[in-house]
Number of protein chains: 2
Amino acid sequence: MFNYRHHIFVCVNQRPAGHPKGDCASKQSRAVFQKFQEETEKRQLWGSVAVNGTTCLGPCATGPTVVIYPEGVWYGKVGVDDVEEIMDQHVVGGTPVQRLLLQTLVDEAQQ
Amino acid sequence: MFNYRHHIFVCVNQRPAGHPKGDCASKQSRAVFQKFQEETEKRQLWGSVAVNGTTCLGPCATGPTVVIYPEGVWYGKVGVDDVEEIMDQHVVGGTPVQRLLLQTLVDEAQQ
């Protein structure tokens, strides 16, 4: 039971305003969470897809952070406008969105 | 990066008192969440294990609910006193704790 094909976790952590680490909620991650729910509903994917908000997932500087299991694909800087692409290309199509991968963002920051 | 061997998600959802669905937080799931963090710290497993609280995971009646990815093992009725067993037997030992599996709880309820 609860053998989801994709379980989407969106960091919705909020820190006090001005906290040096920042947080995903102040970067609209709660709207991202809601958008994933809406797009799952729109595609009638409940049953094979679950969507949850979480406490701090760790990489705050590149938030909003999203991780999708069981494949363990991590995304950063996910905006509301990116959600449909992740749903279509990754969740439905099976191919992660390369430009939003946390690893891609870290590699770009080190160049 | 962030290729955790086990990512533990604990439902910490709270509903208003008296809500008919109940919730995991009123069944001490936040203490369960904290205990998973403490036991991960005690075993020096940060790096290979992550622990997060989540919004409602779904099976409220059998909460506190815990799901561990990437294996996708779901637990129900997890108390603070169960956490060390899950850490030792499942997270370290690789064998899920049968008596707490959500499927076991559902099967027992149907007998």
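Residues numbered from 1 in each chain as written. Chains lettered and ligands numbered in written order. Predicted model: local features only at pLDDT ≥ 70, side-chain atom pairs only at ≥ 80, totals over all residues. Heavy atoms only, no water.

Draft legend 1. How the structure looks around the interface of chain B and chain A. Contacts between chain B and chain A engage 19 residues on the former and 19 residues on the latter. Summing both partners gives a buried area of about 1700 Å² for chain B against chain A, and 66% of it is carried by carbon and sulfur. Summed over the shared surface of chain B and chain A, the result is zero salt bridges. At the boundary of chain B with chain A, the tally comes to 10 residue pairs in polar contact (both at pLDDT 80 or more). (Contact = heavy atoms within 4.5 Å. Buried area = accessible area lost by both parts, 1.4 Å probe. Salt bridge = Lys/Arg side-chain N within 4 Å of Asp/Glu carboxyl O. Polar contact = N/O pair within 3.5 Å; in protein donor to acceptor, adjacent residues only side chain to side chain.)

Draft legend 2. Fine view of the side chain of His90 of chain A. Along the chain, His90 of chain A turns up in helix α2 (residues 83–92). Setting aside anything within four residues of it in sequence, one finds His90 of chain A in contact with His6, Ile68, Glu71, Val73, Tyr75, Glu85, Thr95 and Pro96 of chain A. (Helix = DSSP H or I, 4+ residues; strand = E, 2+ residues; numbered from the N terminus.)

Draft legend 3. Representation of the packing of helix α1 (residues 29–42) of chain A against α2 of chain A. Residues and elements named next belong to chain A. Across the interface, α1 lies against α2 with an axial gap of 9 Å and an inter-helix angle of 45°. Here α1 is positioned oblique relative to α2, judged by the angle of their axes. Here the hand of the crossing between α1 and α2 comes out right-handed. Residues Val32, Lys35, Phe36, Glu39, Thr40 and Lys42 of α1 touch α2, and the partners they reach there are Val83, Glu84, Ile86 and Met87. Residues belonging to the contact of α1 with α2 are distributed by class as follows: five nonpolar, one polar and four charged. (Axes fitted to C-alpha atoms, helices over the stretch in contact; angles between N-to-C directions. Parallel < 35°, antiparallel > 145°, perpendicular 65-115°, else oblique. Left-handed = near helix turned anticlockwise from the far one by under 90°. Nonpolar A, V, L, I, M, F, W, Y, C, P; charged D, E, K, R; others polar.)

Such coordinate-based values are descriptive only and should not be taken to indicate function.
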